[in-house]
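# Structural overview for review
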Amino acid sequence: MQTLRTVAELRTRVRGWKQDGRQVGVVPTMGALHEGHLSLVRAAKRGCDRVIVTIFVNPTQFNNAEDLAKYPRTEEADAAMLAAEGVDILFAPAPEEVYPAGFATGVAVQGVTAPLEGALRPGHFEGVATVVAKLFGMTQANRAYFGQKDWQQLQVVKRMVADLNIAIEVVGCDTIREADGLAMSSRNVRLDALSRAQAPGLYKVMGKVAAAIKGGADVAAVLAQGREDLRQAGFTEVDYLDLRSAAMLEPMTTLDQPARLLAAAWIGGVRLIDNIAV
Ligand code: AMP
C-alpha cells in the first residue's frame, strides 16, 4: 500500500489504472478506523480491482471547534489495518491540499439535508457534500462505499451524485455493531466505562420502538415513550428519535412507505447517532 498526500500523485496512479481498464473503488473516511470502516473496505475489495481509502478529518463539516480538536487521529494504526486488508492507496492529504488559498466553492444539497443532523449541525452537510464531491473528482473512482450508520449522509451523497450527474456508483453498506448492539463509531473511544456500559441502550430502545410501530401502535406515542426510555437508560439529552421516510427523510405518522427510525442522543458528553429500518 502506498500513502499519498497530493492530488497530483493520486491522479497519476489512477490514470495508469484506468488505462489498464481497472475498476476503482473509494472509501472516504475520517480515520480512527474500526471494523465498520473495514467492512466498507472489504466490500470495495470485492466489487473493484483497485481500492483507495481516504483519511481526511474535514474541518468544514465540523460545526463545533471542540469536536474537531478532540476528533481521534490514529493514522499509523489506520495505515497498518488498511495495508493488511490489501488496500492499494491510502490518500491522506493535508487541509491545505484539499482547501488551497482562494478556495470558494460549496455544494449545497437541499431537501434531505434540512431535518435531523442538518437542523442540529448548521453547515455540516454542505461541508460533507463539498468534500465528498472533491474526493470523487480527485480519485475518479467508479464506485464509492458509505455506511448506513450515517443514513442521512448516505441519502445526501446519493442525491448529490444524481443531481450533479457524477459518474460514480454509491454503495450503502450495513451498520457494523459491537456484540452488545452499539454501532461502531470513532467517537466511542471517548465514552467512559459507565457510559460505554449504558450506550447499547440506544439500539435496544430503537429496536423496541421499531417493533411497536410495526405492530401498529400510535407512532407519536411510541416515539415519546422511546425518548423517555432513553433518558431512563442514562442518555442525558435526546436530540431526536424520529420516524422518517427512508430516502427523503420526511416525517411519517403512519407506516405507509419504507421508513427509517433515526436517533441522536448524548451520553457521558458524547453524541451518538444510530438508525434502523422499520
Ligand atoms: P467516518 O470516518 O466516521 O466519517 O466514517 C467513514 C465511513 O464509514 C462512512 O461512510 C460511515 O458511514 C462509515 N461507518 C462508520 N461507522 C460505521 C459502522 N459502524 N458500520 C458501517 N459503516 C460505518
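Before reading on, note that the structure itself is shown above.
Residues numbered from 1 in each chain as written. Predicted model: local features only at pLDDT ≥ 70, side-chain atom pairs only at ≥ 80, totals over all residues. Heavy atoms only, no water.

For the rest of this paragraph, the subject is the side chain of Arg 121. Residue placement: Arg 121 occurs in the loop between α6 (117–120) and α7 (124–139). Arg 121 gets classed as buried once you look at its relative accessible area, which sits at 13%. Once residues within four sequence positions are removed from consideration, Arg 121 is found in contact with Gln 61, Phe 62, Asn 63, Asp 67, Arg 187 and Arg 271. (Helix = DSSP H or I, 4+ residues; strand = E, 2+ residues; numbered from the N terminus. Buried < 20%, exposed > 50% of the residue type's maximum accessible area, 1.4 Å probe, protein only. Contact = heavy atoms within 4.5 Å.)

One non-glycine residue, Gln 140, lies in the positive phi region at around 55°. By relative accessible area, Gln 140 is classed as partly exposed at 39%. Positioned with a positive phi, Asn 165 is a non-glycine residue whose angle comes to about 55°. Within the secondary structure, Asn 165 is located in the loop between α8 (151–163) and β6 (169–173). Judged by its relative accessible area of 67%, Asn 165 is exposed.

In a beta sheet, neighbouring strands are held together by backbone hydrogen bonds and run either parallel or antiparallel to one another. Within the open sheet, the three strands sit side by side as β7-β8-β9. Their pairing is antiparallel. Edge positions in the sheet fall to β7 (237–245) and β9 (270–277), since each of these pairs with one other strand and no more. Within this sheet the neighbouring strands show an average axis-to-axis angle of 10°, counted without direction. Of the strand pairs in this sheet, β7 and strand β8 (residues 259–267) are connected by eight bridges, and their pairing is antiparallel. By the bridge assignment for β8, Asp 242 is matched with Leu 262. Contacts between helix α10 (residues 201–214) and the sheet are confined to β7, β8 and β9, with β9 contributing the most and set at about 30° to the helix. (Pairing = 2+ DSSP bridges. Axes fitted to C-alpha atoms, helices over the stretch in contact; angles between N-to-C directions.)

As a further point, take the site of the ligand. Around the ligand, the surrounding shell holds 17 residues, and the nearest of these are His 37, Gly 147, Asp 150, Ile 176 and Met 184. In the environment of the ligand, a nitrogen atom lies 2.9 Å from a nitrogen or oxygen atom belonging to the backbone of Met 184. In the complex, 92% of the free accessible area of the ligand, which totals 480 Å², lies under the protein chains. Looking at the shell around the ligand element by element, the count peaks at three residues for helix α2 (residues 35–47). Taken together, the residues of the shell around the ligand break down into seven nonpolar, seven polar and three charged. (Near = heavy atom within 4 Å. Polar contact = N/O pair within 3.5 Å; in protein donor to acceptor, adjacent residues only side chain to side chain. Areas by Shrake-Rupley, 256 points an atom, 1.4 Å probe, with all protein chains shown as cover. Nonpolar A, V, L, I, M, F, W, Y, C, P; charged D, E, K, R; others polar.)

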